[in-house]
Amino acid sequence: MEPDLRLESSLWVGNKRYRAVLTGWHFNWTEVDKKNRDKKTISVPVAEVVGVEEGRVEILPQKSVEDTDKDFTVFYVKRFSSGGTYGLLWRLGRTQFSCPSRALRDQWTKHLRAALKTHSPLRPHRLLVFINPFGGKKKGRKIYHSVVAPLFELAGISSHVIVTERANQARDHLLKKDLAGFDGVVCVGGDGMFSELLHGLIGRTQQEAGLCENNPAVTLQPCPLHIGIIPAGSTDCVCYATVGVIDPVTSALHIIIGDSQPLDVCSVHQASSLVHYSVSLLGYGFYGDVLAESEKHRWMGPLRYDYSGTVVYLSNRSYAGIVHYLPADPQDSSPRDRTRCLSGCSVCSRSTERLFHQSSDSGSLYSSHSSQYTSDSEGEWVTVEGRFRCVSLTCMSSSCPKSPLGLSPSAHLADGTGDLILVWDTHPLGFLKFLYRHTTTQDQFDLPFVEVHRVKAVRFSLPSGKEEEGYEEIGGTSSAIDDEERGYIETVSRNGSQQHLAEGCTKRQTTSEQKTATPFLCGLCCSKAPAVSVWNCDGEILPNTEINCRIHGQLVRLYARGIEDGAAVHNCSKEHDNKCERIF
């Protein structure tokens, strides 16, 4: 139900008369014909009004102001189709109103600004901005100063800008410098810059809370500052998976209106030492090998990933490993339920109630240090052992333009779980089918050699005798491995909570119950295969093979609202190509 009427009057837009109405939550203006009959109505939520200016004002591509006594300009969010099934482009809408008198003009601007303060309490006022001038196409500075900064100025946001000069400068700043007075931090860059902010904010929060990050069992404290992402990197997976598009204007508008999207974070430990935090991909085997191979070809730019993926695929490798995982409650959700985590996701909303003690003040969840996790029962661990093409753990769908549905299409951003994907050793054509399905809408898990589990924690270790063998040069082939080590035993035995696949040592003679992958040779990649792979953690190679992972529910918050469903948004224009101009 709408609150009491605040303001209503006749206003002019160009040579047309409108009846404008401001209620507590919406600003509407309806065209009125000569017989005083209503025609088309435009309705904008007050929460999506970006700014109100006296006079006739333009902001982009450059600011211009025509100071007139009876006019005011309202800037707001307009949505356009991005061309895909999910995700919407946001653009800055602008309407110039003319009033019969200056007094009425002042009344409208006063009431609109007051409504913004009342109904958008989480909007940032001061931001700390880090720009990576070297990321992506090296356009970080240009994107910020020509596109983002004018929008921040319009919204009354002040910003302190730091152009980074070295790796981990942003992380170190967040760990050591005074952050008082800032409502959030923003990175202009890619996933690497976001990772710096993530590690800096989490580390700073735990320091102030007196918690030890190196303790794998510690319950980490949620970060009080929001993180904003202006995409300007080689890879922008986190932005794409939380907003649905890679577009600086869209991301800037999400920051301005104070959207808040909680995000799960996976901590990675080796023994009693923190190794890394991850929000997207933690991959061993194929994805680790691709990253290691790509490091040799950085001169190729983004093409190095396609090239390296081809080389590693032709190498046809698999790796022995032992995976222990703690399953999540299957009644909450499933990685095979074919749902999508979209804006307003009910699964994530229910998880908020489960993960945090409720407070009568809904805003306390966004700003309080004292929110505590409820204690989940530890549950029973499951163990599987065998040879894997790849072992992956993701806290989000990890979607990107090349893989619109991502590694795990039904993964959730903020349900306190991750999706563990196990791809057993198989024939090269079978693995190619698995990889290809990531680029389509086909179910990549509907294959006999693929498993997916929704989990709360994962441990990975090497079989006996493999611990001391290091990662060798990329370019080998798994055909060099003895046939006895190639298959995994299908026999499943249970001992309490343990599920064992591939029981016994690798020297054990294969039986009729053993699956053996067909050797595959490539003239380009025929040297000895490495005995172990490496972990790809959000685009960085980890120094450890045996790791412990734990999902921390809603540990950080982004200036985002999740991916919007284009079909469900009534004011999404279908004429995007004609109406949505490129601004830079």
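What counts and what doesn't
Residues numbered from 1 in each chain as written. Predicted model: local features only at pLDDT ≥ 70, side-chain atom pairs only at ≥ 80, totals over all residues. Heavy atoms only, no water. Helix = DSSP H or I, 4+ residues; strand = E, 2+ residues; numbered from the N terminus. Buried < 20%, exposed > 50% of the residue type's maximum accessible area, 1.4 Å probe, protein only. Areas by Shrake-Rupley, 256 points an atom, 1.4 Å probe, with all protein chains shown as cover. Contact = heavy atoms within 4.5 Å. Phe/Tyr/Trp six-rings, centres within 6.5 Å; stacked < 30°, edge-to-face > 60°. Lys NZ or Arg CZ within 6 Å of the ring centre and 35° of its normal. Pairing = 2+ DSSP bridges. Axes fitted to C-alpha atoms, helices over the stretch in contact; angles between N-to-C directions. Parallel < 35°, antiparallel > 145°, perpendicular 65-115°, else oblique. Left-handed = near helix turned anticlockwise from the far one by under 90°. Core = buried A, V, L, I, M, F, W, Y, C linked by side-chain atoms within 4.5 Å. Polar contact = N/O pair within 3.5 Å; in protein donor to acceptor, adjacent residues only side chain to side chain. Disulfide = S-S within 2.5 Å.

S.K.: Would you take a moment to explain the overall build of the protein for this structure?
M.R.: When its secondary structure is counted, the protein shows twelve helices and 29 strands. Taken over 584 residues, the protein has a buried fraction of 56%. Approximately 26,300 Å² of the protein is accessible, and the part contributed by carbon and sulfur atoms is 49%.

S.K.: Looking at this structure, I do not really get helix α3 (residues 169-176). What am I missing?
M.R.: Residues spaced three or four apart along an α-helix face the same direction, because each turn holds 3.6 residues. Buried residues of α3: Q169, A170, D172, H173 and L174, and no others. Tucked inside the fold, the buried residues of α3 contact β10 (126-131), β11 (158-163), β12 (184-189) and α4 (191-209).

S.K.: Would you mind going over the environment of I322 with me for this structure?
M.R.: Here I322 lies in strand β17 (residues 319-327). On the accessibility criterion, I322 (14% relative accessible area) is buried. For I322 and T383, which are 61 residues apart along the polypeptide, the C-alpha to C-alpha distance reads 7.1 Å.

S.K.: Could you clarify how one ought to interpret the packing of aromatic side chains in this entry?
M.R.: Any aromatic ring pair is given by two values, namely how distant the centres are and how the planes are angled relative to each other. Going through the model one piece at a time under the given rule, you end up with 16 aromatic pairs. A ring pair is formed by Y144 and F152, whose centres lie 6.3 Å apart and whose planes are at 70°; its orientation type is edge-to-face. Exposure remark for Y144: the relative accessible area of 3% places this residue in the buried category. Measuring from ring centre to ring centre gives 5.4 Å for F286 and Y287, while their planes differ by 80°; the resulting arrangement is edge-to-face. The burial state of F286 is the same as that of Y287; both residues are buried. An aromatic cluster is present here, built from F27, W29, F72, Y76, F97 and W108 joined pairwise through their rings. The ring of F182 has R126 lying over it, and the distance from NZ or CZ to the ring centre is 4.2 Å. We note R459 situated over the ring of W381; from NZ or CZ to the ring centre the distance is 3.9 Å.

S.K.: I would appreciate a short explanation of the pairing of strand β2 (residues 16-22) in the present structure.
M.R.: Consecutive side chains of a regular strand alternate in pointing toward one face of the sheet and then the other. In this structure, strand β1 (residues 7-13) lies alongside β2, joined through seven bridges in antiparallel fashion. Along β2, the bridge assignment pairs V13 with K16. Where β2 and strand β3 (residues 26-32) come together, five bridges link them in antiparallel fashion. Bridge pairing in β3 links V21 to N28. Turn length for the β2-β3 hairpin, with the two strands adjacent in sequence and antiparallel, is three residues.

S.K.: What is the right way to read unusual backbone geometry from this model?
M.R.: For residues other than glycine, phi is negative in most cases, and the peptide bonds are mostly trans. In this model, S398 sits at a positive phi of 60°, which is unusual for a non-glycine residue. With respect to the helices and strands, the residue S398 is situated in the loop between β18 (382-394) and β19 (418-424). Unusually for a residue other than glycine, D538 sits at a positive phi of about 50°. Here D538 shows up in the loop between β27 (535-537) and β28 (540-541).

S.K.: Can you walk me through the packing of helix α7 (residues 286-294) against helix α8 (residues 303-315) in this structure?
M.R.: The description of two packed helices rests on the angle between their axes and on the distance between the axes. Axis separation between α7 and α8 bottoms out at 8 Å; the angle between their running directions is 125°. Relative to α8, the element α7 is oriented oblique. Our pair here, α7 against α8, has a crossing hand that is right-handed. Contacts from F286, D289, V290, E293 and S294 in α7 reach R304, Y305, Y307, S308, G309, V311, V312 and Y313 in α8.

S.K.: How should I be thinking about the nonpolar core in this particular structure?
M.R.: Note on soluble globular proteins: their nonpolar side chains tend to be buried together. Counting 46 residues, the largest nonpolar core has L282, F286, V323, V391, L393, L420 and F434 as the members making the most contacts within it. Ignoring any residue separated from it by four or fewer positions in sequence, one finds F286 in contact with G309, V312, Y313, R389, C390, F431 and L435. Judged by nonpolar contacts, the second largest core, of 44 residues, contains F80, F130, F194 and A241.

S.K.: It is not clear to me how the pairing of β3 should be interpreted in this structure. Could you clarify?
M.R.: Most of β3 is tucked away: six of the seven residues are buried. Sheet topology places β3 next to strand β4 (residues 38-45); six bridges connect them, and they run antiparallel. Bridging across to β4, W29 finds its partner in I42. Between β3 and β4, which pair antiparallel in sequence order, lie five residues; one of them, N36, sits at a positive phi of approximately 65°.

S.K.: It is not clear to me how the packing of α3 against α4 should be interpreted in this structure. Could you clarify?
M.R.: The N-to-C vectors of α3 and α4 enclose an angle of 20°; their axes lie 8 Å apart at closest approach. It follows that α3 is roughly parallel to α4 by the angle criterion. For the crossing formed where α3 meets α4, the hand is right-handed. Here Q169, A170, R171, L174, L175 and K176 of α3 come into contact with α4, specifically with M193, E196, L197, H199, G200, L201, G203, R204 and Q207.

S.K.: What should I look at first to understand the side chain of Q444 in this one?
M.R.: On the secondary structure map, Q444 appears in the loop between α11 (428-437) and β20 (450-461). A polar side-chain atom of Q444 sits 3.0 Å from the main-chain carbonyl oxygen of L407. Once residues within four sequence positions are removed from consideration, Q444 is found in contact with G406, L407, S408, P409, F434, R437, H438 and V450.

S.K.: Looking at this model, I keep getting lost on the state of the cysteines. Mind explaining?
M.R.: Such a bond, covalent and formed between the sulfur atoms of two cysteines, is termed a disulfide. In the structure shown here, the tally under the stated rule is zero disulfides. A disulfide-free cysteine, C341 has its sulfur positioned 3.7 Å from the sulfur of C348, the nearest such atom. The class of C341 is buried, set by a relative accessible area of 10%. Of the cysteine sulfurs around C345, a residue in no disulfide, the closest is that of C348, at 3.8 Å. On the basis of relative accessibility, which here comes to 12%, the residue C345 falls in the buried class.

S.K.: How should I be thinking about the environment of L282 in this particular structure?
M.R.: Assignment of secondary structure puts L282 in strand β16 (residues 281-285). Expressed as a C-alpha distance, the spacing of L282 and G539, which sit 257 residues apart in the sequence, is 8.7 Å. Beyond its immediate chain neighbours, meaning those up to four positions away, L282 contacts C266, V268, V391, S392, L393, W535, N536, C537, L542, I547 and C549.

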